[in-house]
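# Commentary on secondary and tertiary structure
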Amino acid sequence: MSGLFDKKIFDDLRASREKWEQELKKAFDARPERLERFATVSDQEIERIYTPEQVRELDFQRDIGFPGQFPFTRGCQPSMYRGRLWTMRMFAGLGTAKDTNERFHHLVKAGQTGLSTAFDMPTLMGYDSDSPKARGECGKCGVAIDTLVDMEDLFEGLPIDRITTSMTINPPASVIWAMYIAVAENRGIDRRIIGGTIQNDMLKEFIAQKTFMCPPEPSVRVITDTVEFGTREVPRWNTISISGYHIREAGSTAVQELAFTLADGIAYTQAAVDRGLDVDDFAPRFSFFFNSHLDFFEEIAKFRAARRMWAKIMKERFSAKNPRSWWLRFHTQTAGCSLTAQQPYNNVVRTALEALAAVLGGTQSLHTNSLDEVLAIPTEEAATIALRTQQIIAEESGVGNTIDPLGGSFFVEALTNRMEEEAFEIIHKIDDMGGMLAAIERHYPQQEIADAAYHYQRQIDEGKRTVVGVNKYVTEEEIPVEVLEIDEELEKIQIEKTNRIKNERDQVRVRECLEQVGGACSGGGNVMEPVIAAVKAHATLQEVCDVYRRVFGEYRDPGIY
Amino acid sequence: MTGKRRIRIMVAKPGLDGHDRGARIIARAYRDAGYEVVYTGLHQTPEEIVEAAIQEDVDMIGLSSLAGAHNYLFPRTVELLKEKGADDIVVCGGGIIPDEDIPTLKAAGIREIFTPGTPLDVIVKWVADNVEPRGEY
């Protein structure tokens, strides 16, 4: 294979460059460059101009190629958005299951094409609404789910045999997934038909999002159970959504997001291979979840690099043969941390730019943040504007008319190469530490992220980085926005509902089922069938999680800053 | 020789909320400004925070919440400090706190609330202006 450029052009190019640089010098002598340093959101320095010189070795077939072909730089599917647009999947969850169900129906009516569930903090941490740990948190930043009845109410009237559902749930992912399977089966829908995603990515919890329950090792063991079970029983389900989103929100750079996420993916793949599974059986059901931050080209390059890196990792490191195992399919959420409480309507514009980067980067599904998300759970109006933003990009802007329109841009290709190179360096460092679990124990990713976050905040405070409405173009008068309030009474209502269900169920059956779960945990059997049986008998989320906590122990935050 | 000791600050994360980017940045900023800092780590109940604050003999507690439970967790912390006779410990808070909740929180004894976008220098300077060491060397 040969490079993209005829070697002869570089001589001419050098001459033109020298001429341009002389003229440039004159221009800057008259008026100096606007900034001392031009750098991305992640503080990567960017050059004045990109030419074939920075991508001298670029090889079309090897590095860019065609969508649907190795190394998938331009997209996983051959057709990309010429065939089907990305799934517009708005993350939603508030109050009770009934409240969230109403929001789901509204979003589907407004043209959303997939569901995405946000759970409240007690649910995310494996506690029922009546736990003392849950005081003041019920239904606040997502929906409260205690029992199968809540799950049935959540999906009431929604065609879960046809629409796919994503659930952002981690320590109790096996339990929530079991409830979803139970809802389907109680409706007469085969578990082999249902499609969706559980986030189920514990490694990034220890690194960044910090909803944890059991220590890292048993956490990965339960995840491997779900991977094994999904491969055999629920073939249309994405068993893990390997997430960089939260790593970025915690303050990482784009390259760190890329590296830590793929390193997590390597750890899950290795764990399943070590279990004796064939990589080509389970890897096609791994999906990814990235952040789309404000630095437009850096994000696009990140998505392109991620696809190419994962394809290489799967093919070369894990000897996967099925092209579907090489695919890095991903969901994107625009960066919550880029939104500002000041002048909140500006957030619509930030989100639109971030969404556009995700689309130009070839995302499979997308959540766009609402303008008020920095203040509270979005109102229906704000969530609708966010969805409309995607629809305008999809159906008015024309950016989906051709596949990977930025492919071949000197700048984008150079940035893609550089991010791949830097991210692989970090992955090698993690390999040298003994893999991601060992790296987490040494607090390596946690510390790197904390350093990057502090550096970024200092740059803002020192005015080296502009945040419109915060450290520049500040206004005294704030335009008020409507903020959604969650009724404090809700906690009482939810606790009463859960208590009623707990009183009415077959207690002996529940006890037996929980013992089965405990047996699977300590004996090494797959937890999924026992957990499905337990939730069908109306064991609560916390009751199952308490079994996990008892058998596996609890993880406490080391409190490093 | 007697004299005022260095101000000791506890940065605390009450409740189940895992958003610790802000709390950890603020802990560093206080440390860099020369204060003694104790960071509780995540998922603390108000009871645990108050007990630790008394044990660590801190002069101020900075509470951080980004998941909407501040209306319960912040006043509960102040209430427990009163019960223990330690309400000379100054309590302030920060995070995603809607403007309309701020008067109620202040009435409940939270001395200041810092919302998103507040520069670190403002948060750090507030300590110098509002907190005195409770004990001597």
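Residues numbered from 1 in each chain as written. Chains lettered and ligands numbered in written order. Predicted model: local features only at pLDDT ≥ 70, side-chain atom pairs only at ≥ 80, totals over all residues. Heavy atoms only, no water.

### Details of the overall build of chain A
In terms of helices and strands, chain A carries 23 helices and nine strands. Rg of the C-alpha trace for chain A: 24 Å, near the compact-globule value of 24 Å for 561 residues, within the 12% margin. Its C-alpha atoms give chain A principal-axis dimensions of about 85 × 60 × 45 Å. Residues counted as buried form 61% of the 561 residues belonging to chain A. A sequence separation of at least 24 residues applies to 79% of the contacts in chain A between residues at least 6 apart. For chain A, the exposed surface amounts to about 22500 Å²; the carbon and sulfur share of it is 50%. The positive charge centre, built from 65 side chains, and the negative charge centre, built from 86, are 4 Å apart in chain A. (Helix = DSSP H or I, 4+ residues; strand = E, 2+ residues; numbered from the N terminus. Rg over C-alpha atoms; globule rule 2.2 N^0.38 Å. Buried < 20%, exposed > 50% of the residue type's maximum accessible area, 1.4 Å probe, protein only. Contact = heavy atoms within 4.5 Å. Areas by Shrake-Rupley, 256 points an atom, 1.4 Å probe, with all protein chains shown as cover. Lys, Arg positive; Asp, Glu negative; His and termini not counted. Charge placed at Lys NZ, Arg CZ, Asp CG, Glu CD.)

### So, the overall build of chain B
For chain B, the helix and strand inventory stands at five helices and five strands. Order of helices (α) and strands (β) in chain B, N terminus to C terminus: β-α-β-α-β-α-β-α-β-α. Scaling as 2.2 N^0.38, a compact globule of 137 residues should have a C-alpha radius of gyration of about 14 Å, and chain B matches this with 14 Å. Once the C-alpha set of chain B is aligned to its principal axes, its extents read approximately 45 × 35 × 25 Å. With 137 residues in all, chain B has 58% of them scored as buried. Pairs at least 24 apart in sequence give 73% of the contacts found in chain B among residues at least 6 apart. Working note: accessible area of chain B is about 5700 Å², and carbon and sulfur atoms make up 50% of it.

### Topic: the sheet that holds strand β5 (residues 112–114) of chain B
All names here are of chain B. If you trace the five strands from one edge of the open sheet to the other, you get β2-β1-β3-β4-β5, paired in parallel fashion. At either end of the open sheet lies a strand with only one pairing partner, and these are β2 (36–39) and β5. On average, each strand axis in the sheet is tilted by 20 degrees relative to the strand beside it, whichever way the strands run. For strand β4 (residues 90–95) and β5, the ladder comprises three bridges, and the chain directions are parallel. (Pairing = 2+ DSSP bridges. Axes fitted to C-alpha atoms, helices over the stretch in contact; angles between N-to-C directions.)

### Quick look at the sheet that holds strand β6 (residues 240–243) of chain A
Residues and elements named next belong to chain A. In spatial order, the strands read β5-β4-β3-β2-β1-β9-β8-β7-β6; together these nine strands make up an open sheet with parallel pairing. At either margin of the open sheet sits one strand with a lone partner, and together these are β5 (237–238) and β6. Alignment of β6 against strand β7 (residues 286–292), held across four bridges, turns out to be parallel. For Ser 241, the partnering residue across the bridge sits in β7 and is Ser 287. Contacting β6 and β7, helix α11 (residues 254–274) crosses the sheet at an angle of about 165 degrees to β7.

### Focus on the nonpolar core
In this structure, A:Met151, A:Phe155, A:Met167, A:Met436, A:Tyr548 and B:Tyr30 are the most contacted members of the largest nonpolar core, which totals 179 residues. Looking at this core, the element that brings in the most residues is α11(A), giving twelve residues. Excluding residues that lie within four positions of it along the chain, B:Tyr30 makes contacts with B:Ile9, B:Val11, B:Tyr35, B:Val37, B:Met60, B:Ile123, B:Val124 and B:Val127. Counting residues in each nonpolar core, the second largest holds 23 residues, with B:Ile49, B:Val58, B:Leu73 and B:Val91 among its members. (Core = buried A, V, L, I, M, F, W, Y, C linked by side-chain atoms within 4.5 Å.)

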